[in-house]
Structure formats: C-alpha cells, structure tokens
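Examination of the molecular architecture
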Amino acid sequence: VYQCKTDGNSPFCLAFGPEHERGGSLGWEKLSSCQGTVAPTAAPSFDPATPGCPESWAEGTPYQAGDRVSVSNSIYECDALYHAHCTFREPGTVPDDESWDKKGSCE
C-alpha cells in the first residue's frame, strides 16, 4: 500500500506509479504490504483490426494517461508524463505536442 508523499498533487505521483524504477521513490511512500493473493483480471486491449474510432476528443474532459480519442479519423493516446495537458490541448493541433501520441487511424 502506497501513499503520495505530498498532498496527492506531486508531479512525481501524477507522472509515475509507486513501483516505477526511477520516479516511484521520488513521489511515493510505502505504508504497508498486502497479504494473500488475488486472481488477475483481464486487461483491456485495443485491436487495430477492429473497425471504428474511439470517442472524439472533447475540450474539458478530464483525460488520464492511456485514454484514447479520435480526431479526424486519427487515434491518439494521452501520454503518461504530459497527461495534464490532454484536457485542454486537442490532439494534432500543436506541432511536436508531447501530450498526445498518435497511434493510428480509424474509420
């Protein structure tokens, strides 16, 4: 069990998970360990062969790292490090934008 070392808004807590090799120890404090085991759950997946687009980007939506959106038949994924910009920066509109990663196209 981990807790952010600050009030929860530390840039290290927002950008890195607690077990991240480089950034985890900068933002997270280990409080305790869990006992027992839990069966794994199925992870969501994205199949590029499946037709269709993710939801269209909408300004003001609180996007998180890993969220996928579409703009003009292109698929973008919100970046883990710069995800705070995803809410107000439309994918594909800022040259060399690091907040969205282009992942492909859709119809």
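Heads up: these notes are all about the structure in this document.

Definitions and limits used
- Residues numbered from 1 in each chain as written.
- Predicted model: local features only at pLDDT ≥ 70, side-chain atom pairs only at ≥ 80, totals over all residues.
- Heavy atoms only, no water.
- Pairing = 2+ DSSP bridges.
- Helix = DSSP H or I, 4+ residues; strand = E, 2+ residues; numbered from the N terminus.
- Axes fitted to C-alpha atoms, helices over the stretch in contact; angles between N-to-C directions.
- Phe/Tyr/Trp six-rings, centres within 6.5 Å; stacked < 30°, edge-to-face > 60°.
- Buried < 20%, exposed > 50% of the residue type's maximum accessible area, 1.4 Å probe, protein only.
- Polar contact = N/O pair within 3.5 Å; in protein donor to acceptor, adjacent residues only side chain to side chain.
- Disulfide = S-S within 2.5 Å.

**Notes on the sheet that holds strand β5 (residues 100-105)**
In space, the three strands of this open sheet follow the order β3-β4-β5, with antiparallel pairing throughout. Of all the strands in the sheet, the pair left with one neighbour each is β3 (68-71) and β5. Each adjacent strand pair in this sheet contributes to an overall mean axis angle of 35°, direction not counted. With four bridges joining them, β3 and strand β4 (residues 74-78) adopt antiparallel strand pairing.

**Examining the packing of aromatic side chains**
Taken as a whole and judged by the stated rule, the model has one aromatic pair. A ring pair is formed by Tyr63 and Trp100, whose centres lie 5.5 Å apart and whose planes are at 75°; its orientation type is edge-to-face. Of the two residues, Tyr63 is situated in the loop between β2 (28-30) and β3 and Trp100 in strand β5; the sequence distance between them amounts to 37 residues. Here Trp100 falls in the buried class, since its relative accessible area comes to 4%.

**Examining the side chain of Asp97**
The residue Asp97 is located in the loop between β4 and β5 in this model. Among the polar contacts listed, one links the side chain of Asp97 to the side chain of Arg89, at a separation of 3.1 Å. A polar contact of 2.7 Å, which involves the side chain of Asp97, links it to the side chain of Ser99.

**Some points on the state of the cysteines**
Enumeration according to the criterion identifies two disulfides in this entry. Covalently, Cys53 is tied to Cys106 through a disulfide, its sulfur atoms 2.0 Å apart. With the S-S bond torsion at 105°, the cross-link from Cys53 to Cys106 turns out right-handed. Pair noted here: Cys53 is in the loop between β2 and β3 and Cys106 is in the segment after β5, with a separation of 53 residues, a long-range link. What makes Cys53 partly exposed here is its relative accessible area of 34%. Cys78 shares a disulfide with Cys86; S-S distance 2.2 Å.

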